[in-house]
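Here is what each chain is made of, one letter per residue.
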Amino acid sequence: MYIPFKHDTLQKLSLIAFAQAILTMMGDARKVVGFYPTELIIPTFRQRLMDGVLVLEDGTLINIEFQSGNIGEKFLLRCAQYAINLRLISGKLVETNIISTGIRKNSKMVAFISKFFPFKPRLFFYSEFDGLERLINIKEKIKNQEKLSQEDHYNLIFIPLMGNVDPVKAAFEVFRIVNNKNLFGEDEQAKIKQCQYIVAQIVADDDKKLLDKFWRIIKMYNDFLVEYETNLVETTKREVREQVTKEVTKQVTEQVTEQVTKEVTKNVTLNLAKNLKDVLSNAEIAERTGLSLEVVQNL
C-alpha cells in the first residue's frame, strides 16, 4: 500500500517515539520533558502545523522541522514565521532545528528578513552522518552483548538514509537486526519497525519487487504490522483528505477575493484534481473539486 507524504509521516512517527534520541543525535545534552502543541493560528488567519515542538527542561521550545530534499529560502522563511509566532504565543524562547535529506552545499543556510535580521537555524543533513560507522558500532554492541541505546534504535531506522552506505544493503541489514527478539522488547521492536516500514518505501521508491522483499523481512514474527499497515494508510489518507478540503476552501476564498478569472479557476482546479489522482478515487475528486466525473477520469 502507498503512504502519501512518506517523509513527513516517518519523521513525525520517529519524533514521537525517539524525541530524546533525536536531540542527542544533534549534539544537545538537554532533557526533553514534553511536547508543545504544533498548531499555530498566525496573524494572517491561516492555520499552520509545525512538524514537532519539544519542551526542554530549561523551558526552551525547539521546533524540529523535516525537509525532504535541499533546503530553500522559502522553507527557511516559513520556519522563521513559525519561530516568531511560537515565541509570541508561548512567551518562551524558541530554537529551530532542521533535518534534511538533501545536501548542504545545495541548500540555503540563512534567510534574511532584512539586511540586519538574519534567520539562521541549526541544520542537519542525513548525508553527513556516517551510516556505516553507526552500523558497525551497533553490530559491535550486539557481538559484545551490550544493551542498545535509544539512539541506536533511532539509527536502526535512519541508517539507510545516511551517508557512506549502500541504501538497499543497509536497509536489509538493519531490518534483519530488528527481527532479533533477544535485543528488543515487544514495544521497542514495534516502534522501530513501524518507522522501518516507511523507510522501506522510501528506499525501494517505485521498485515494487524490492519493497515486497523488504516487507517480508520487516513483518517477520510481527503479525501486528499487517493491521498497522492498514491503519497507517487509512489514517494518512484521511489526513490528506482533510488537508485537501482546507486547501480547496482556501483557494476558492482567495480566488473570490482577488476576483480571478474563470479560466484561472479552472486551471487551478484541474491541477489540484491531477495531484489527487494517487490519493482519492475519481468520484471523490469530482465531488470535492466540482469537476465532472468524465473530466476527472480523463486527467
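To be clear, the structure that these remarks concern was listed above.
Residues numbered from 1 in each chain as written. Predicted model: local features only at pLDDT ≥ 70, side-chain atom pairs only at ≥ 80, totals over all residues. Heavy atoms only, no water.

Quick look at the packing of aromatic side chains
No. 1: With the rule as written, the count across this model stands at six aromatic pairs.
No. 2: Their ring planes at 65° and their centres at 6.5 Å tell us that phenylalanine 18 and tyrosine 154 sit as a pair that is edge-to-face. Separated by 136 residues along the polypeptide, phenylalanine 18 in the loop between α1 (6-17) and α2 (19-25) and tyrosine 154 in helix α5 (residues 150-158) bring together distant segments of the chain. The exposure classification of phenylalanine 18 matches that of tyrosine 154, with both residues buried. (Phe/Tyr/Trp six-rings, centres within 6.5 Å; stacked < 30°, edge-to-face > 60°. Helix = DSSP H or I, 4+ residues; strand = E, 2+ residues; numbered from the N terminus. Buried < 20%, exposed > 50% of the residue type's maximum accessible area, 1.4 Å probe, protein only.)

With respect to the environment of leucine 135
No. 1: Along the chain, leucine 135 turns up in helix α4 (residues 131-143).
No. 2: Given a relative accessible area of 5%, leucine 135 falls into the buried group.
No. 3: The contacts of leucine 135, once residues within four sequence positions are left out, are Ile159, Glu173, Val174 and Ile177. (Contact = heavy atoms within 4.5 Å.)

Details of the packing of α4 against helix α6 (residues 167-177)
No. 1: α6 packs onto α4 with a crossing angle of 30° between their chain directions and a minimal axis gap of 12 Å. By the angle class used here, α4 and α6 are roughly parallel. Classified by chirality, the crossing of α6 by α4 is left-handed. Taking contact as the criterion, the partners of Leu135, Lys139 and Ile142 in α4 are, on α6, Glu173, Val174 and Ile177.
No. 2: Residues of the contact of α4 with α6, tallied by class, amount to four nonpolar, no polar and two charged. (Axes fitted to C-alpha atoms, helices over the stretch in contact; angles between N-to-C directions. Parallel < 35°, antiparallel > 145°, perpendicular 65-115°, else oblique. Left-handed = near helix turned anticlockwise from the far one by under 90°. Nonpolar A, V, L, I, M, F, W, Y, C, P; charged D, E, K, R; others polar.)

Some remarks on the sheet that holds strand β9 (residues 122-125)
No. 1: The sheet built from five strands is open, its strands ordered β1-β4-β5-β6-β9 with mixed pairing. The sheet terminates laterally at β1 (32-36) and β9, the two strands that pair on one side only. Pairs of neighbouring strands in the sheet enclose a mean axial angle of 25°, with direction left out of account.
No. 2: Taken together, the three bridges between strand β4 (residues 53-56) and strand β5 (residues 61-67) define a ladder with antiparallel strand orientation. Bridge pairing in β5 links valine 55 to leucine 61. (Pairing = 2+ DSSP bridges.)

Here's the deal with the pairing of strand β6 (residues 94-100)
No. 1: Most of β6 is tucked away: five of the seven residues are buried.
No. 2: Pairing of β5 with β6, which is carried by seven bridges, proceeds in the parallel orientation. Bridge assignment links asparagine 63 to a residue of β6, and that residue is threonine 96.
No. 3: With helix α3 (residues 73-90) bridging β5 and its parallel neighbour β6, the resulting β-α-β unit is right-handed. (Right-handed = clockwise from strand over helix to strand, strands pointing away.)

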